[in-house]
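Coordinates in review
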Amino acid sequence: MATLTRIEDAVEAAGYSRRLLRICKLGNQTDFIICHSSIRNGPGYSLLSELNRPGVKRGCFIRAAIVDSDGNVKIELERSQLFSEVVQSAIESERFFCGSLEHKTRKIAIVAWSVRWKEREDGRFPLECLRTMIIGKHIRNICQSLGWICTLIGVDCDCLDDFDNWSKRLDCMPDRLVKFPSPQKDDHFTRAILKKIVSCGFCSMAVDSDQNETTVNLGDYVKKENPDGGYDKSIREVTLCANGKLSDLVLNVTLLENLFDSDSTESLIHLAPEKCKITVEKTSLLWKMFSKNSAARHQQFVFHGGVSFPDGKDISISELCRTRERQFEEASATKYGENVSAKNIIRTLTSATIKYDFISKSIEAPVKVRLDSEKRTDTSADRAGAFIVYNYARLCTLLENFSTAVKKEIYEPLGEVSQADFTLLLDDGEWDILFRGLCQYHLAVKDVEKNLEKNLVSQATSLSLQLNKVSLYAFAMVQKFSSYYGRVRILSADKPHLRPLMHARLHLIISVRMILEHFLRLLNIRPLEHI
């Protein structure tokens, strides 16, 4: 679905930056988007004439485009055509998300280092570790939606019980768990790795010398091989071996070389909390220094913020999950009675809430989690994940009620979407669902995909991914649907003069369901058709 992309392309081809496009208040009489720009021509100038000139592909949904008295380009859209294109494309979800770029098939690995380095003193894993896995799964799913082969790898260690239990329940386990190598120096493979590092010429002494310490100057290596590599400038000399014991850095490199020694992985994404940045970058440089693997030549980083609580508490994954489950259990008992068993539903709502909390903030920003249940509503930002799941079930129930009524011959069957009369969708709520919901979600997903592909092609050191925008637009779309659903009666009486409007609205609802299924799939959240 390239609806807005075509509009952007048309505006850009006429000489205006697509970055300046924004959505203004859109109503029945003012279906405009506005391009704030330094206009070359005065008020009344018609951009449409430029869009129609030879060689410029005009966006087929643009009815008029002029410059107003304030110097802004006002682009009026063909409302019914836009409804028809977007709704049909969303229902055919493969067409909705197919991009204009021909994606090259790639093989990528994501290594989640926080499992190794962020153990708690009590042997349980902190929430930073959980956020690492949730972000990793999200990136993996986006890569796979592009047709790439992508694997999320977690580094195992001695105290995985707590993490293993709850990450499985939240469906955020890595695709593969690997064992951390032994720290013993006499391991043949590890010793061979150490010798390769030393042979690169940046070490202070040989491995086989009588000295007790071997160091390498990564700062000198960066200056010579990667002067603009984007690594932290504070990285200097690091210890490889001291008193017969290998450093964790050598073990990290051994793990990577062993993982990708005979592997065809093209790119490696290091994923870790911001606190682990220096250690991850040192590991990357050491590996790149000697390895001939393609993954070692093409390494990139995603560092994310930590997880904290307003009152300064430090709780574990299990404590957070149990608290959220208890809150949903109490809400369920209040609404449906204590005898109603809804364990699977509560687990799904818990998973959705935690995942949304951790992914809806920008990757670099820390996440502050509220545990208290006071002053919380279903539409509050810290319960947005459950709100999305609830409304997905809501619209599924609506569509099921319609199907049941069709079987009972109360309603006529729903016709093909291509035959729907979208000129009847005049409610501002319907336009909001379409333009601020479906279209903006589509653009957010495509922006993430384009940035991901662009960064991988350009071999940028740090990946810049605005994953949170996908979640925020999904939540915004659900808010608009919920408001519309509570105000408009969608299943009306089946009278000939009302039927076309009802069918057009049902097609719009089906398109929302398809997009929500896509979003829930990206976050590994199990859709619920009934709550």
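Residues numbered from 1 in each chain as written. Predicted model: local features only at pLDDT ≥ 70, side-chain atom pairs only at ≥ 80, totals over all residues. Heavy atoms only, no water.

1. Comments concerning the overall build of the chain
Applicable threshold: Helix and strand definitions follow DSSP, with helices as H or I runs of at least four residues and strands as E runs of at least two, each counted in order from the N terminus. The buried label applies to any residue whose accessible area, calculated with a 1.4 Å probe on protein chains only, is under 20% of its type's maximum; exposed applies above 50%, and partly exposed to all values in between. Residue contacts are defined here by distance: any two heavy atoms, one from each residue, within 4.5 Å place the two residues in contact.
Along its length, the chain carries 18 helices and 14 strands. Within the span of the chain, comprising 531 residues, buried residues form 54% of the whole. The long-range share in the chain, meaning contacts at least 24 apart out of those at least 6 apart in sequence, stands at 76%.

2. Here we look at unusual backbone geometry
A negative phi angle characterises most non-glycine residues, just as the trans form characterises most peptide bonds. Positive phi, normally seen in glycine, also occurs at D171, with a value near 55 degrees. Position of D171 relative to the elements: it lies in the loop between helix 7 (161-169) and strand 7 (176-178). By relative accessible area, which is 37% here, D171 ends up partly exposed. One non-glycine residue, N524, lies in positive phi territory at about 55 degrees. With respect to the secondary-structure elements, N524 resides in the segment after helix 18 (499-522).

3. Things to note about the sheet that holds strand 8 (residues 213-217)
Note the following rule: Strand pairing requires that DSSP identify at least two bridges connecting the strands. Helix axes are fitted only over the stretch in contact, all axes being lines through C-alpha atoms; the angle between N-to-C directions runs from 0 to 180 degrees.
Strand order across the open sheet formed by 3 strands is 8-9-10, with antiparallel pairing between neighbours. Unpaired on one side and paired on the other, strand 8 and strand 10 (245-246) mark the two borders of the sheet. Strand direction decides the pairing type here: strand 8 and strand 9 (residues 237-242), joined by 5 bridges, are antiparallel. What sits directly across from V216, in strand 9, is V238. Against the sheet, helix 8 (residues 188-198) makes contact with strand 8, strand 9 and strand 10, and its axis sits at roughly 145 degrees relative to strand 9, the strand it touches most.

4. Let's talk about helix 18
Here is the rule: The length a helix should cover is 1.5 Å for every residue beyond the first.
Over its 24 residues, helix 18 runs 35 Å from end to end, which matches the ideal 34 Å to within 8%, given 1.5 Å per residue. With 18 of 24 residues buried, helix 18 lies mostly within the body of the structure. Remark: N524 follows helix 18 within two positions and exhibits a positive phi of approximately 55 degrees.

5. Focus: helix 15 (residues 384-407)
An ideal rise of 1.5 Å per residue puts 34 Å on 24 residues; helix 15 measures up with 35 Å between its terminal C-alpha atoms. E409 occupies a position one or two residues after helix 15 and carries a positive phi of about 60 degrees.

6. Some details on the pairing of strand 9
The sheet contact formed by strand 9 and strand 10 spans 2 bridges and is antiparallel. Bridge pairing links A242 to K245 in strand 10. The turn linking strand 9 back onto strand 10 is made up of 2 residues, and N243 within it adopts a positive phi angle of 55 degrees.

7. Remarks on the packing of aromatic side chains
For the record, the criterion: Ring pairs shown here join Phe, Tyr and Trp side chains whose ring centres sit within 6.5 Å, with only the six-membered ring taken for Trp; geometry is labelled stacked below 30 degrees between planes, edge-to-face above 60, and tilted in between. Remark: a charge is flagged as sitting over a ring if the NZ atom of Lys or the CZ atom of Arg is within 6 Å of the ring centre and within 35 degrees of the ring normal.
Per the stated rule, a full pass over the model turns up 11 aromatic pairs. Here the aromatic rings of F481 and Y485 are separated by 5.6 Å at their centres, their planes lie at 40 degrees, and the arrangement is tilted. With a gap of 4 residues between them, F481 and Y485 both fall in helix 17 (residues 467-487), about one helical turn apart. Judged by relative accessible area, which is 1%, F481 ranks as buried. Ring-pair connections join several aromatic residues into one group, and the members of that group are F83, F422, W431 and F435. For the cation-ring pair, R106 lies above W148, with the distance from its terminal atom to the ring centre recorded as 5.7 Å.

8. Observations regarding the nonpolar core
Just so we agree on the cut-off: The set of buried Ala, Val, Leu, Ile, Met, Phe, Trp, Tyr and Cys residues whose side-chain atoms join them within 4.5 Å is what this entry labels a nonpolar core.
Among the nonpolar cores identified, the biggest contains 102 residues, and L127, L130, F358, L452, L467 and F519 are the most heavily contacted of them. The element best represented in this core is helix 18, accounting for 13 residues. Ignoring sequence-local partners within four residues, the contact set of L452 consists of I142, C143, L146, W148, L463 and L465. With 44 residues, the next largest nonpolar core counts V198, V222, L256 and M289 among its residues.

9. A look at the sheet that holds strand 11 (residues 267-273)
Pairing is parallel across the open sheet formed by 5 strands, whose spatial order is 7-6-5-11-12. A strand with exactly one partner marks an edge of an open sheet, and here the two such strands are strand 7 and strand 12 (299-304). If you compare each strand with its neighbour and ignore which way they point, the axes differ by 25 degrees on average. The sheet contact formed by strand 11 and strand 12 spans 6 bridges and is parallel. Following the sheet pairing, L268 is matched in strand 12 by Q299.

10. Focus: the pairing of strand 12
The element strand 12 is extensively covered by neighbouring structure, given that 6 of its 6 residues are classed as buried. Burial of the side chains of strand 12 extends over both faces: Q299, F301 and F303 are buried on one face and Q300, V302 and H304 on the other.

11. Quick word on the confidence of the model for the chain
Let me state the cut-off plainly: Confidence scores per residue from the predictor, reported as pLDDT, run from 0 to 100.
Across the chain, the average pLDDT comes to 78, with 72% of residues at or above 70. Low pLDDT, under 50, characterises residues 17-47; the stretch is placed with 90 contacts to residues that sit more than four places away or in other chains. Low pLDDT, under 50, characterises residues 53-59; the stretch is placed with 14 contacts to residues that sit more than four places away or in other chains.

12. Observations concerning the pattern of salt bridges
Convention followed: A carboxyl oxygen of Asp or Glu within 4 Å of a side-chain nitrogen of Lys or Arg is what we treat as a salt bridge.
For the structure shown, the criterion picks out 9 salt bridges. The salt bridge involving E325 is made with R169; its shortest N-O contact spans 2.9 Å. Of this pair, E325 sits in helix 13 (residues 317-336) while R169 is found in helix 7, placing the two residues 156 residues apart along the sequence. The exposure class of R169 is partly exposed, given its relative accessible area of 29%.

13. Topic: the environment of T323
Within the fold, T323 resides in helix 13. A relative accessible area of 12% means that T323 is categorised as buried. Measuring from C-alpha to C-alpha, the distance between T323 and T350 comes to 9.2 Å, with 27 residues separating the pair along the chain.

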